[in-house]
Each structure stands twice: as C-alpha cells, then as structure tokens.
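Reading the structure
Take a look at the letters that make up each chain.
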Amino acid sequence: MEARRASYLEVRCRRAGPGASRGYTAPVLSRLAPFAFATVLFGCGDGEEGAGSPPVRFAADDSFVTLAAGTLELGRGGTVLLRLAPRDFVLATVDVFEPNKSYDPYPILIEDGASLPPAGLTFHPATSIRSRGVSGDHWALELRHSGGLVSQMTITRMADRFVTHWVPLPSTRPVVMLSVGGEPSASEGFYGLGEVFDDVNHRGKVRAMQLELTDLESANNEAHVPVPLLLGTSGWGLFVESPYPAAFDVAASDPARIAATFGTADASEMGLRFHLFTADHPLDLTRSYFDVTGYPRLPGPWALGPWIWRDENDDQAQVENDLETIRALDLATTAYWIDRPYATAVNTFDYLPSQFPDPDAMMAKMEALGFRTALWHTPYLDEKHAATQQLREHAESQGFYPPSTGLLLNGWGKPIDLTNPEAKAWWQSLVKQYVDRGVSGFKLDYGEDILAGAFGSGSGWKFSDGSTERTQHSQFQLHYHSTYAELLEDEDNFLLCRGGTYGGQRYASVIWPGDLDASFARHGEAIDDASGKYKAVGGLPASLVAALSLGPSGYPFYGSDTGGYRHSPPDKEVFIRWFQQTALSTVMQIGTSTNDVAWEPTAKNGFDAQVLELYRVYTRLHLRLFPYLWTYAKALAVDGRPIQRALGLAYPELGAHPNDVYLLGDHLLVAPIVDRGVVERDVSFPAEAFLDWWTGEERAGPGTLRVTAPLDVLPLFIRRGGIVPLLRPTIDTLSPVQDPDAIDSFATTAGVLYARVAPGPASRFELYDGSAIEQSDAEDAVTVSVESGSVFVHGFELETYLPTPPQQVLLDGAALPAAANRDALAQLEQGYLYVAEHGGLVVVRVPKGQRVVKILR
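Residues numbered from 1 in each chain as written. Predicted model: local features only at pLDDT ≥ 70, side-chain atom pairs only at ≥ 80, totals over all residues. Heavy atoms only, no water.

Looking at the environment of Arg310
- For Arg310, the position within the fold is in strand S22 (residues 307–310).
- By relative accessible area, which is 2% here, Arg310 ends up buried.
- In this view, Arg310 contacts Gln318, Asp322, Tyr336, Asp339, Asn595, Val597, Trp599 and Glu600; residues no more than four positions away in its chain are not counted.
- At 3.2 Å, the side chain of Arg310 forms a polar contact with the backbone oxygen of Asn595.
- Within polar-contact distance, the side chain of Arg310 engages the side chain of Glu600 at 2.9 Å. (Helix = DSSP H or I, 4+ residues; strand = E, 2+ residues; numbered from the N terminus. Buried < 20%, exposed > 50% of the residue type's maximum accessible area, 1.4 Å probe, protein only. Contact = heavy atoms within 4.5 Å. Polar contact = N/O pair within 3.5 Å; in protein donor to acceptor, adjacent residues only side chain to side chain.)

Next up, the structure:
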C-alpha cells in the first residue's frame with residue numbers, strides 16, 4: 001500500500017449572490033484527491049448561515065446538545081466533549097445508482113488502488129445547521145449541503161443519551177453514502193469499534209466495519225467483529241446503528257476530526273440512525289450502548305475455563321485419556337471441547353463410529369470427571385460427502401439455501417439461509433440432537449462467506465428475507481449465533497464465536513480471534529522465518545489488543561487459542577507467556593493447530609517439566625479467580641463496564657495508551673510479557689499505589705517503573721485498597737463430579753471463601769452472591785470486615801499483605817490464637833498465621849456470618 005499523502009485537497013466553494021468564491025481545505029476528504037471521478041463541492045461559510053441565531057440547548061439529565069454559532073456541541077455537565085460542525089455531515093451522490101456496485105467507502109478512503117469510486121461520486125458537506133423547533137423530547141433540525149442538497153435531522157433525548165435520525169431529502173442525484181463525524185479534543189484517545197489487533201487506541205487509523213482484502217497472510221483485514229461504536233476518553237460515544245459497509249476515519253486524515261462513512265446505497269433514503277452518549281468516565285459509556293443494543297448474555301460459569309481442546313482428536317480413546325491425564329496431573333480444568341473432525345461429515349449431526357464408537361459413554365466420563373463439553377460447528381452441509389445427501393436434498397427442496405450466493409469462503413458448500421424462519425427451525429432441530437446428548441456449547445466457526453463486496457462490486461448474495469450482502473455481511477452473524485443460543489440455557493451455555501457485529505453480545509457469549517500466529521509477532525509485522533515470508537496476522541501481542549478492544553465494544557468475554565494457531569507449535573517461551581496472560585483474562589482456553597498440550601513435550605515445542613509446573617500454577621490461579629471474575633460478569637447488567645480494561649481507557653488522565661497493560665476488574669493491574677527474551681519491562685502506573693502480587697513490593701505512580709519478569713513470573717499487581725476474592729487453592733473444576741473425594745469441585749461445595757487484601761484507602765467488595773469484604777487501613781491497625789452471602793456460607797480465609805508480623809489479631813474484639821502452619825490453621829474455625837511468602841501475609845481464618853478482624857501492627 002502506498003504511503004498516505006500528507007497534502008490537502010484544495011477546492012473552491014460556490015456561493016450564490018455577491019462575493020467571489022474562496023479557497024477551502026478539506027483534510028478528511030483529502031484521500032479522494034487521486035480519483036478523477038470524485039468531486040467535492042463545498043458551500044462557503046462552514047456554518048455562517050446559522051451563526052447569527054441564538055444558541056439552542058437540548059438536555060437529557062446531565063448530557064446536553066447545543067446548537068451555537070451553527071455548530072452542534074455534545075457535552076456533559078458544563079463541559080463540551082465533541083463538536084459536530086456542518087462540514088461533519090456529508091452526503092455522497094452519484095450520477096446513476098448501479099445495483100451491482102458495493103458502495104463500500106473503505107477502499108475509497110484508504111486509496112487501495114484497486115477499487116475505483118462509482119462514476120460521478122460527489123461529496124456534499126453541509127454548509128449550515130438550523131433549528132426547526134423543539135417539541136417535547138424531539139428536536140428538529142435542517143441541514144443545507146453544497147450542491148443544493150438538503151437533509152433533516154431529529155434528535156430525541158433519552159435518559160443520558162440522544163438518538164439521532166438523519167435523512168437526506170429527495171434530490172436529482174442518488175445519495176449512496178452518508179458520513180457523520182465530529183471534532184474531539186486534541187488529546188482524545190479513541191476506543192471501541194470492535195475487535196482490532198494492532199493498537200488499542202484508534203487515533204490515526206481508518207477502521208473498516210467489514211472484512212476487506214489485504215496483504216496479510218490471511219488475505220483479509222481480520223475485521224471479524226466490527227462494531228460501529230467509537231468512544232472518546234473524555235467521556236463521549238458515537239454509535240451508528242447501521243449494518244451497511246462503513247469506515248471510521250479516526251483522526252487519520254485530520255488529527256482534529258473523526259468521520260464515520262456508511263455506504264447506504266439504495267437505502268440512503270432511510271437515512272442514518274446514530275446515538276450520542278456521555279458519561280463521567282469513559283468506562284461507563286458501554287452501558288449506554290447496551291441500553292440500545294441489549295446486554296451481554298452470560299456464559300455458564302464453567303465456560304470461563306480453563307478449557308482444553310485439540311485441533312484434531314485421534315479418537316474417543318485419546319479424548320478419554322486426556323480427561324484422565326488432566327485429573328491425574330492435578331490440572332485445574334472445567335471443560336473440554338472436541339474440534340473437527342468428529343462426525344461422519346460436516347454436518348451429519350452424528351459421531352463417526354470408527355472414531356467415536358460410544359460417544360454417550362465418553363460424555364458420561366466427561367461428566368463424571370467434572371468436564372462440560374462443546375463441539376465445533378458451522379452453518380454448512382458438506383456438499384462433497386455422500387453422508388449429507390439426504391439433508392442437502394431436503395434443504396434444496398424446502399428452499400433452505402439462499403436464493404443466490406456469491407463466492408464461498410469455506411470448503412463445504414453454501415450456508416443454510418438462517419434468515420428463513422423455517423430453515424432456522426429445521427437446523428435447530430438437528431443441532432438439538434447434540435444438546436440432548438449432553439453437549440453444553442459450541443465453537444461456531446466460519447459463516448463469514450458474505451462479503452460486502454470486492455473491488456467496488458457487490459458479491460451477488462440474496463436471502464429469503466429479501467436482504468443482500470449489503471446488510472448480511474454483518475447481520476448473518478446474528479442469525480447464525482441466535483440459532484444456537486436459543487437452544488442453550490441462560491448462564492449455562494458456551495458459544496465461542498469467531499464473528500460478530502453490534503448487538504451480537506446477546507447471543508455470542510465468548511469471542512475467539514480466529515487463527516493467530518503461534519509467536520510474539522505483531523499484527524502486520526513482516527516475518528521471514530522457516531515458514532516463509534509473510535505479513536503476520538499477529539500472535540500474543542495481537543491477541544491482547546483484541547481482548548482490550550472488544551470489552552468496551554460490547555463483548556466482555558474473550559478467549560484466544562492459548563499458544564496460537566498459525567505456524568504452530570508454539571515454543572516453550574511463547575506457550576508460557578501466553579498462558580500467563582490468559583490466566584489473567586475472562587476466558588482461558590488452551591489449544592493449538594498442532595495439538596499441543598502441556599503434558600506432551602515434543603522436539604518441536606520444547607515443553608518440559610517447568611512448562612507443566614507453571615501451567616499447573618497459572619491454570620489454577622485462573623480458576624481460583626472465579627468469584628472475582630463472576631462478580632464483574634454479573635455487574636455487567638448494572639454498570640456495563642468491561643472486565644478487561646485497557647490502561648488508557650481506565651485512566652484517561654494518563655494520556656498514555658499502552659497495548660500491553662490492563663486492569664482486570666477494579667483491583668488487578670496486569671502487565672504481561674509479549675516479547676521474546678524479555679525478563680524485565682517498563683510498566684505505566686496510574687496515580688495510585690500497587691503491591692506486587694507475588695512479592696508484596698510497593699509500586700507507586702503516576703509514572704513508568706521497571707519491573708522484573710523472569711520466565712516463571714507474570715507481572716501482576718493489586719492496588720492499595722484492593723480486595724480479590726478467590727476459591728480454595730485445591731479447586732479442580734466448577735462442574736459437578738461423580739467422586740467429590742477425588743476431584744475438588746465448586747459444584748460439590750463453594751467452600752471457604754479466600755481473599756487477598758492489600759491495605760489501603762477504605763474499600764468494599766461485594767460478591768455476586770451478596771457476600772462482602774471491607775477493609776480500611778490506619779496507622780496502628782488494618783481492619784477487615786466480612787459478611788457471608790447465599791453461596792459462600794462456610795467462612796473466610798483472609799490473606800492481608802503486611803511486611804512484618806502483627807502484634808495481635810482480633811476477631812470481633814477477642815484475640816485469635818496463632819497457628820503453627822497452614823495445615824494447623826486449616827483445622828481451626830478461627831485463628832491466624834503469619835507467613836513470609838508474598839512479602840509477608842497475615843492469614844486469618846474467620847467463621848461465617850458478619851465478622852470484624854483487626855490486625856494490630
């Protein structure tokens with residue numbers, strides 16, 4: 001791709017009446033300069049037509065929109081957060097509408113050199129915005145554009161947000177694109193926009209809202225989960241509720257402007273519906289998005305993992321051996337999925353008898369050993385296999401395939417037309433055969449054949465509901481995922497999905513990023529290794545960026561293939577650093593394209609005893625974090641905050657946006673190692689004090705501090721005042737088991753609630769079941785109060801950082817006995833122990849109920 005031009009497009013404006021034309025620069029549209037077919041018409045004044053009118057203020061709770069000096073201003077309290085000038089509203093017209101054109105704006109904006117704009121493509125920025133009056137909760141405005149075009153806008157106020165419907169009025173030239181933008185703060189960081197892999201901050205990027213052809217090794221831009229939701233770190237959000245092809249220019253052409261351009265084609269007369277949000281903190285913006293599109297569907301608690309899978313299972317014996325080995329080696333694991341192949345063909349809704357001779361017995365063993373089960377699945381019937389013939393004939397005779405298909409991007413055939421209610425019901429009846437035999441979830445792969453277009457042309461798809469690729473490039477994912485989601489119980493399901501779109505969080509409980517590199521490669525990095533020369537999709541660094549971009553975009557649960565997929569196997573260092581990171585994430589799932597598991601060293605992967613021991617430590621840490629993670633999962637319905645939070649979004653005042661530092665919930669700061677050979681790194685800390693999770697050493701910000709990270713250590717920190725509830729150290733699974741004496745399951749008993757406490761500013765952590773832990777720190781004592789809830793009813797074991805042994809520990813005012821060691825403490829209903837590990841911990845055993853512990857220094 002050619003370097004982007006830094007020059008601006010100089011045009012002349014047109015104005016009727018006295019006065020000659022004058023020059024005007026249009027940086028956001030400067031990318032159109034090389035195209036002789038594209039014209040930009042500007043009216044003079046950039047809003048002077050409305051500049052003399054008195055300001056109009058339209059408020060919704062603490063949010064407001066004003067029209068002042070011809071410009072809309074979005075703000076909160078007394079602060080303007082985003083300005084929307086007339087030139088930020090652009091209509092694009094053509095000489096003649098051509099149905100075979102895609103009208104995808106992305107190739108035009110990035111000047112891909114392969115897609116010529118439609119003939120006569122002309123951009124018409126607005127020249128004025130005028131108020132036409134407020135009626136109740138509705139505000140009518142009129143926009144006049146260059147070239148004599150007119151559009152109308154209605155802004156409706158809701159609770160703390162605004163819904164805007166912008167519609168072009170009929171004109172002699174067909175409108176095929178609409179663009180809405182704004183002028184944010186120069187220091188603004190930008191989040192949202194779905195899953196990306198290169199940078200958590202979108203500033204300087206042009207983001208496509210659909211798959212596009214590129215020179216990456218995958219041949220596409222990896223835009224599997226685009227979400228047209230842009231969040232500014234000063235506390236504003238723009239969500240464009242449109243399924244049409246789009247591109248967001250995020251201060252790329254002009255550092256002072258953003259622009260979201262949608263190729264609405266022959267639906268342009270319907271206009272654009274977009275939403276404006278504000279919040280006191282940018283983490284709270286996603287809640288407003290959920291209010292519009294629906295709140296996330298929670299997976300089953302067991303679905304947070306750890307999971308194990310192999311890319312290809314040899315047979316039933318191998319699966320059962322894996323299950324037994326996991327338990328024999330004491331590796332915390334909650335679930336196991338079977339990837340393809342396992343059926344006679346894709347999809348015959350059976351198990352291949354020669355490979356899985358007794359699948360019901362296999363499922364019974366999974367259940368007995370405390371594993372839940374999922375299967376890989378797709379929306380196709382294998383057209384090359386005789387075993388699917390009867391199903392295919394039925395689908396053809398009933399009209400269950402799309403009436404017209406484009407280029408197929410899979411190896412099996414046409415997708416089932418899930419926009420057809422009868423086809424959907426039929427497919428569900430087939431899938432239900434697996435559910436009825438004990439399958440708890442599905443890994444939903446592919447289903448991304450419907451491209452918005454290529455090289456400027458459409459892709460030729462038509463569906464039973466009358467839609468085409470213009471909308472189904474994104475909306476098919478909703479049909480696909482809902483087909484399976486409706487068969488599974490709320491909070492007892494697992495849908496691991498590769499694709500998604502806005503609103504898809506109602507069905508896709510977990511996103512996985514597809515096939516990442518089994519390496520430390522950055523997204524787009526030029527690689528020359530034993531595999532050849534290629535432009536990498538990206539490995540561990542790319543996975544981390546994807547996780548942090550998805551959370552504020554409405555997808556809070558994410559799990560990459562720990563170890564990577566492309567160019568597998570991962571070597572020892574890559575695998576360790578990857579499972580360290582996914583242990584401190586929402587979903588931990590482990591598998592590669594070469595079937596690597598921690599207990600099977602090979603000459604290629606270099607795994608050894610250290611790998612297995614560290615794997616045991618970090619998988620158990622992830623499982624122990626369940627009460628902490630599940631509390632934030634349940635809180636999504638209240639505050640909408642992402643669970644994994646990029647540092648720059650959590651602390652916008654830092655003005656820094658690292659790709660490899662994040663908050664897990666409120667209390668843990670994680671700084672994984674994502675580069676080869678690194679054993680120390682710089683970490684940006686906010687203006688708070690943190691303790692090293694492993695050593696208790698204090699790290700105080702704001703500023704960047706160097707921390708050590710040998711191969712066995714993940715840089716992990718708990719904030720002063722932080723409280724992290726944990727399951728017991730022996731926990732094996734969350735799923736029910738047949739022999740509770742052999743396998744320690746949360747389903748058998750929730751057990752004693754553990755918690756790590758970092759003394760600091762007064763704080764309270766209330767768990768999802770109503771249990772609560774509070775702490776406060778004074779010069780002479782640390783006070784920790786507890787209260788049992790409905791699940792954790794067996795007391796507490798509190799681990800409080802303290803660098804020196806306490807003078808005394810009191811429970812409800814009475815002195816506690818000191819235990820000799822942890823085994824002795826475990827036999828007590830109440831007592832305490834001081835240990836030197838982690839820089840010094842006071843471990844206090846507390847009975848259930850409401851209790852107050854005072855640790856005297």
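Overview of the environment of Gly677
- Within the secondary structure, Gly677 is located in the loop between strand S34 (668–670) and strand S35 (680–685).
- Spatially, the C-alpha atom of Gly677 lies 27 Å from that of Glu837, the residues being 160 residues apart in sequence.

Quick notes on the pairing of strand S28 (residues 526–529)
- Here S28 pairs with strand S29 (residues 532–535) via four bridges, running antiparallel. Paired with Asp528 across the bridge in S29 is Lys533.
- Here S28 folds back onto S29 in antiparallel fashion, the turn holding two residues. (Pairing = 2+ DSSP bridges.)

A look at the pattern of salt bridges
- Here the structure, examined in full by the defined rule, presents 54 salt bridges.
- Two residues, Asp215 and Lys535, come together in a salt bridge whose shortest N-O distance is 3.2 Å. Taken together, the residues span a long stretch of sequence, with Asp215 in the loop between strand S16 (205–208) and strand S17 (226–232) and Lys535 in strand S29 at a distance of 320 residues.
- Close ionic contact of Arg728 with Asp744 constitutes a salt bridge, the shortest N to O distance being 2.7 Å. Taken together, the residues span a long stretch of sequence, with Arg728 in the loop between strand S40 (723–726) and strand S41 (753–757) and Asp744 in the loop between S40 and S41 at a distance of 16 residues. Like Arg728, the residue Asp744 is buried in the burial classification.
- Each member of the salt-bridge network shares a partner with another, and the members are Arg756, Glu797, Glu799, Arg822, Glu837 and Arg845. (Salt bridge = Lys/Arg side-chain N within 4 Å of Asp/Glu carboxyl O.)

A short note on the sheet that holds S22
- As summarised here, the arrangement of the eight strands in space is S27-S26-S25-S24-S23-S22-S31-S30, forming an open sheet in which the pairing is parallel. With one partner strand each, in any of the chains shown, strand S27 (510–511) and strand S30 (561–562) form the two edges of the open sheet.
- In terms of strand pairing, S30 meets strand S31 (residues 589–590) through two bridges, oriented parallel. Counterpart to Thr562 in the pairing with S31 is Ile590.

Brief notes about the packing of aromatic side chains
- In total, this model carries 47 aromatic pairs according to the counting rule given.
- Here Phe58 and Phe162 contribute two aromatic rings whose centre-to-centre distance is 6.1 Å and whose plane-to-plane angle is 35°, an arrangement assigned as tilted. Taken together, the residues span a long stretch of sequence, with Phe58 in strand S5 (residues 56–60) and Phe162 in strand S13 (residues 161–168) at a distance of 104 residues. For the pair Phe58 and Phe162, one class covers both residues: buried. (Phe/Tyr/Trp six-rings, centres within 6.5 Å; stacked < 30°, edge-to-face > 60°.)

Here's the deal with the environment of Val206
- Along the chain, the position of Val206 falls in strand S16.
- A C-alpha to C-alpha distance of 22 Å links Val206 and Leu81, two positions 125 residues apart in sequence.

A look at the packing of helix H11 (residues 609–624) against helix H12 (residues 626–639)
- In the contact formed by H11 and H12, the axes pass within 5 Å of each other and the chain directions differ by 45°. On the basis of the axis angle, H11 is oblique to H12. Contact residues: H11 offers His622, Leu623 and Arg624, while H12 offers Phe626, Pro627 and Leu629.
- Grouping the constituent residues of the contact of H11 with H12 by class yields four nonpolar, one polar and one charged. (Axes fitted to C-alpha atoms, helices over the stretch in contact; angles between N-to-C directions. Parallel < 35°, antiparallel > 145°, perpendicular 65-115°, else oblique. Nonpolar A, V, L, I, M, F, W, Y, C, P; charged D, E, K, R; others polar.)

Looking at the packing of helix H7 (residues 421–435) against helix H8 (residues 469–485)
- Contact geometry of H7 with H8 gives a least axis separation of 9 Å together with a crossing angle of 45°. Comparing their axes, H8 and H7 come out oblique. Crossing handedness for the pair H7 and H8: right-handed. Contacts from Lys424, Trp427, Gln428 and Val431 of H7 reach H8 at Ser482, Thr483 and Tyr484.
- A class-by-class count of the residues in the contact of H7 with H8 yields three nonpolar, three polar and one charged. (Left-handed = near helix turned anticlockwise from the far one by under 90°.)

Remarks on the sheet that holds strand S32 (residues 644–646)
- Across the sheet, six strands lie side by side as S32-S33-S34-S39-S36-S37; this open sheet has antiparallel pairing. The sheet is open, and its two edges are formed by S32 and strand S37 (698–700), each paired on a single side. The mean angle between the axes of side-by-side strands here comes to 30°, regardless of whether they run parallel or antiparallel.
- Here S32 runs beside strand S33 (residues 662–664); their pairing, made up of three bridges, is antiparallel. Within S33, the residue paired with Ala646 across the bridge is Tyr662.
- Against the sheet, helix H9 (residues 540–550) touches S32 and S33, its axis set at about 100° to S32.

Here's the deal with the side chain of Ser467
- Tracing the chain through its elements places Ser467 in the loop between strand S25 (441–444) and H8.
- Here Gln472 takes part through its side chain, which lies 3.1 Å from a polar atom of the side chain of Ser467.
- Excluding residues within four positions of it along the chain, Ser467 makes contact with Trp461, Lys462 and Gln472.

Some details on the nonpolar core
- Counting residues in each nonpolar core, the largest one holds 192 residues, and the members touching the most others are Trp427, Phe442, Leu584 and Leu668.
- Counting residues per element, this core draws most heavily on H9, at eight residues.
- Beyond its immediate sequence surroundings of up to four residues, Leu584 is in contact with Leu621, Leu625, Gln644, Tyr662, Leu664, Leu668, Val670, Leu714 and Leu716.
- One finds Ala126, Trp166, Phe190 and Phe274 within the second-largest nonpolar core, a separate group that totals 41 residues. (Core = buried A, V, L, I, M, F, W, Y, C linked by side-chain atoms within 4.5 Å.)

Honestly, that's just the spatial picture; any functional story needs more than this.
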